[in-house]
Amino acid sequence: MTTAAPAAATTILPPRRLIARTLGAPGAVAGSIILAVLVFGAIFAPLLSPFDPNATRVCPRLAAPSFTHFFGCDLFGRDIFSRILYGARLSLAVGLLTVAISLVAGTIFGMVIAFLGGRVDRIGVRLLDVMLGFPAIVLAILIVAVLGVGAFNAALAVGISGIPRIARVIRSATLTLVGREFVESARAVGASQTRILRRHLLPNLLPIVIVLGSLDLGGAILSTATLSFLGLGAQPPTSEWGAMLSAGREFMRYAPWTMIFPGLALFLAVMSVNLVGDRLSHVLDPRASGHG
Amino acid sequence: MAEAPLLAVESLSVAMGVTPVLEDVSFRIAPGETLGLVGESGCGKSVTALSIMRLLPNPPGRIIGGRILFDGTDMLSLDIGALRAIRGDRIGMIFQEPMTSLNPVYTIGDQIGESLIFHRGMNGRTARSETAKLLDLVGIPAARNQLDRYPHELSGGQRQRVMIAIALACRPRLLIADEPTTALDVTVQAQILDLIGRLRHELGMAVLLITHDLGVVAEFCDRVAVMYAGRIVEEAPAAQLFKQPRHRYTEALLHTMPAANPPGRKLPSISGTVPAPADRGEGCIFAPRCGFAIPRCANELPPLTEPPHRLRCWNPA
């Protein structure tokens, strides 16, 4: 009776130990290294890229990879390596923005409906069910159709379509927390509803929010790239991995590097983020790591 | 009872959904007095405590009648803002379960200081030094070093001390202690009760002690109210109640105390079980289990007599 299983992930780890524990598995180490390289490339793209990513005719059209053009050239004679570096900037930024939108909105929504309960909760859950009824990518396309194309709108669309999944998980985690005694004792000392939400529930949900965010980031990068591939995201001449894949599609047989390298970049980005996210969720889950 | 009562609960009735769980519960607590509220599990003790604080989850809980006067204010007519101003400031509350009543992600210093910050408008630094004093007061040694510890680093007894420090932070006039020692082992129980008793004198506060442990009540309370199935069946000064219980339920309850029986003999028990709230009949609710029931008991609910020894029984001892 007194030893109820911890309802939510409430392991408290100082950041330094969290990082140390996260890096305790080879997959996570590999993921972290790849991610670090990508982030480094994204941040220092202007310094690292040998050519202007949008300058045409810096090399022969569809030229094969060489020592001056590491990843070859595209149809307009642009340097693919430079475009990939700049593309990393866009993909990572858009991915983060997307996840931020889903997490903030989803967490607030899920927390509030669970906390208020009753009719608010019932209506909220119905709403989530309706949103979950659509495949996320279809919902995202629908939203882009309303908002118009563009990298920012694509991020917004994927972000919004990710809200219901986050909200649902956060709602159930909150439900297990609102019944806990410390919420009642917070009420007993006169804490207001908003104070309980902000000071008592949110910090207890943070480990879950972090895990959800890290697991969603890979999907978010892929989804925004998908929208760009379909021509609904970043518009030419912006260098974006999905758009580059789409542009290279026609020359796949003669100049495969126009597709291989953006595809590889996308694959590595998503994989590294997922490896780190998986490990993080393992470390932050008290049951999996043996810390209750 | 000459003084104006600090807390007066008058004919309080509470329902869970459509099922009545408290019926016509009345008692008073004078300033500085300790009232013990005793009864079996599920008899409505905690519901009473939560109702006083207006913390009863609604739905399903609903106060359907009666009044709760705290220091002359009708708690049932207050809006939520006024209630929050009273909770934690003028009425403190300690819960049964010290293991889970503290928020695992904050240090104990933060949690004790919280109500000082929002009831007293203190800034972080003054709240911190006040918090250290409070920890001293509840007997946690080297208080200043303990402020930054997390609940999981403390033992059960220490956590209950922290809960007490939280409840007492604003020097409340009334402390509601809902089974404060149930989850603790016996030696720690005695320490915690001593602590509450000492602080009651030092701070001059009244205490409503809810418990099912008659030994605790005998030691600790000025007056005792015995509850059975949502009603108060007997209420008297503690010494009198223990020496001369009049309600048959109280009598039976006292017989079950280990101290009242010679060692080596099997402890007596009260046969039968408490009827579910929905199955309470017309008459005295204890009648089906009572060895002294007379025909009237089954049909007619006995009224509660007047103080000082209040009683709800047709055939008292």
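From a predicted model like this one, the values you see are computed outputs, not experimental measurements.

A. Focus on the overall build of chain A. Secondary structure summary: chain A contains 11 helices and 0 strands in total. With the principal axes as the frame, chain A shows a C-alpha extent of 75 × 45 × 30 Å. A buried classification covers 47% of the 292 residues belonging to chain A. Put simply, 71% of the contacts in chain A that link residues at least 6 apart link residues at least 24 apart.

B. Broad picture of the overall build of chain B. Of the regular secondary structure elements, chain B holds 11 helices and 11 strands. In summary, chain B has a C-alpha radius of gyration of 20 Å against a globular reference of 20 Å for 317 residues, a match within 12%. Reported as C-alpha extents along the three principal axes, the dimensions of chain B are approximately 65 × 50 × 35 Å. Looking at chain B residue by residue over its 317 residues, the buried ones come to 46%. Counting only contacts in chain B whose residues sit at least 6 apart along the sequence, the fraction spanning at least 24 positions is 64%.

C. Just the environment of Ser185(A), in detail. Following the sequence through the fold, Ser185(A) ends up in helix α8 (residues 181–188). Discounting residues that sit within four places of it in the chain, Ser185(A) has contacts with Phe95(B) and Ser101(B).

D. Representation of the interface of chain B and chain A within the structure. In this assembly, 24 residues from chain B lie in contact with 17 residues from chain A. Looking at the side of chain B that touches chain A, the elements with two or more residues in it are α2 (80–86) and α3 (108–120) of chain B. Tallying contributions element by element places α3(B) first for the side of chain B that touches chain A, with 3 residues. Residue composition of the side of chain B that touches chain A, grouped by class: 13 nonpolar, 6 polar and 5 charged.

E. Expanded view of α3(B). All names here are of chain B. The terminal C-alpha atoms of α3 lie 18 Å apart, and with 13 residues this matches the ideal 18 Å at 1.5 Å per residue to within 8%. Considering bend angle alone, the principal kink of α3 is centred on Glu 114 and spans about 25 degrees. Every buried residue of α3 is listed here: Ile 108, Gly 109, Gln 111, Ile 112, Gly 113, Glu 114, Ser 115, Leu 116 and Phe 118. Looking one or two places after α3, you find Gly 121, whose phi comes out positive at around 65 degrees.

F. Examining the sheet that holds strand β5 (residues 73–74) of chain B more closely. Residue and element names in this part refer to chain B. Taken together, 4 strands build an open sheet; the order of strands is β2-β1-β4-β5 and the sheet is antiparallel. Looking at strand neighbours, the two that pair on one side only are β2 (19–29) and β5, the edges of this open sheet. Pairing geometry for strand β1 (residues 7–16) and strand β4 (residues 61–70), over 8 bridges, is antiparallel. Each residue of the ladder has a partner; that of Ser 13, found in β4, is Gly 65.

G. Spotlight on helix α9 (residues 193–229) of chain A. All names here are of chain A. Compared with an ideal rise of 1.5 Å per residue, which puts 37 residues at 54 Å, α9 spans 45 Å between its outermost C-alpha atoms and falls more than 12% short. Along its length, α9 shows its largest kink, about 50 degrees, at Leu 202, and proline Pro 203 lies within four residues downstream of that point. Among the 37 residues of α9, 26 are classified as buried, and the element is accordingly described as predominantly covered. Positioned one or two residues after α9, Gly 231 has a phi angle of 85 degrees, which is positive.

H. Representation of the nonpolar core in the model. One finds Ala165(B), Leu174(B), Ile176(B) and Leu208(B) to be the most contacted residues of the largest nonpolar core, which totals 166 residues. Counting residues per element, this core draws most heavily on helix α4 (residues 80–116) of chain A, at 17 residues. Other than its neighbours up to four places away in sequence, Ile176(B) contacts Ala49(B), Ile52(B), Met53(B), Ile91(B), Met93(B) and Leu208(B).

I. Geometry of the sheet that holds strand β6 (residues 91–94) of chain B. All names here are of chain B. Read across the open sheet, the 7 strands follow the order β6-β7-β8-β3-β9-β10-β11; overall the sheet is mixed. Of all the strands in the sheet, just β6 and β11 (310–311) have a single pairing partner and so form its edges. Where strand β10 (residues 231–237) lies against β11, 2 bridges are found, and the strand directions are antiparallel. Note that in β11 the partner of Glu 234 across the bridge is Leu 311.

J. Structural context of unusual backbone geometry. With an omega of 5 degrees, the peptide bond between Pro236(A) and Pro237(A) qualifies as cis. By the element assignment, Pro237(A) lies in the loop between α9 and α10 (241–248). Here the amide bond leading from Pro307(B) into Pro308(B) is cis, since omega sits at 10 degrees, within 30 degrees of zero. Along the chain, Pro308(B) falls in the loop between α11 (295–299) and β11. If you check the backbone angles, Arg57(A) has positive phi at about 55 degrees while not being a glycine. Although it is not a glycine, Asp71(B) adopts a positive phi angle of roughly 55 degrees. Position of Asp71(B) among the secondary structure elements: in the loop between β4 and β5. On the basis of neighbour counts, which here come to 16 C-beta atoms within 10 Å, the residue Asp71(B) falls in the partly exposed class.

K. Region of the structure containing the pairing of strand β7 (residues 174–178) of chain B. Residue and element names in this part refer to chain B. Among the 5 residues that make up β7, 5 are buried, leaving the element largely enclosed by the rest of the structure. Side chains Leu 174, Ile 176 and Asp 178 of β7 all project onto a buried face; the interleaved residues Leu 175 and Ala 177 project onto the opposite face, where all are buried too. Both β6 and β7 contribute to a ladder of 4 bridges, which runs parallel. Bridging from a neighbouring strand, Met 93 pairs with Ile 176 of β7. Pairing of β7 with strand β8 (residues 206–211) involves 5 bridges; the strand directions are parallel. The residue of β8 that forms the bridge with Ala 177 is Leu 209. With respect to chirality, the unit in which β7 leads through helix α7 (residues 186–203) into the neighbouring parallel β8 is right-handed.

L. How the structure looks around the environment of Asp89(B). Relative to the assigned elements, Asp89(B) resides in the loop between α2 and β6. Residue classification places Asp89(B) among the buried residues on the basis of 20 C-beta atoms within 10 Å. Separated by 80 residues in the primary sequence, Asp89(B) and Ala169(B) place their C-alpha atoms 7.8 Å from one another. Ignoring anything within four residues of it in the chain, the contact list for Asp89(B) reads Gly190(A), His119(B), Cys170(B) and Pro172(B).

Rules used throughout
Residues numbered from 1 in each chain as written. Chains lettered and ligands numbered in written order. Predicted model: local features only at pLDDT ≥ 70, side-chain atom pairs only at ≥ 80, totals over all residues. Helix = DSSP H or I, 4+ residues; strand = E, 2+ residues; numbered from the N terminus. Buried ≥ 20, exposed ≤ 12 C-beta atoms within 10 Å, placed from the backbone. Contact = placed C-beta atoms within 7 Å. Rg over C-alpha atoms; globule rule 2.2 N^0.38 Å. Nonpolar A, V, L, I, M, F, W, Y, C, P; charged D, E, K, R; others polar. Expected span 1.5 Å × (residues − 1). Bend = angle between axes of the 7 residues up to and from the residue. Pairing = 2+ DSSP bridges. Core = buried A, V, L, I, M, F, W, Y, C linked by C-beta atoms within 7 Å. Right-handed = clockwise from strand over helix to strand, strands pointing away.

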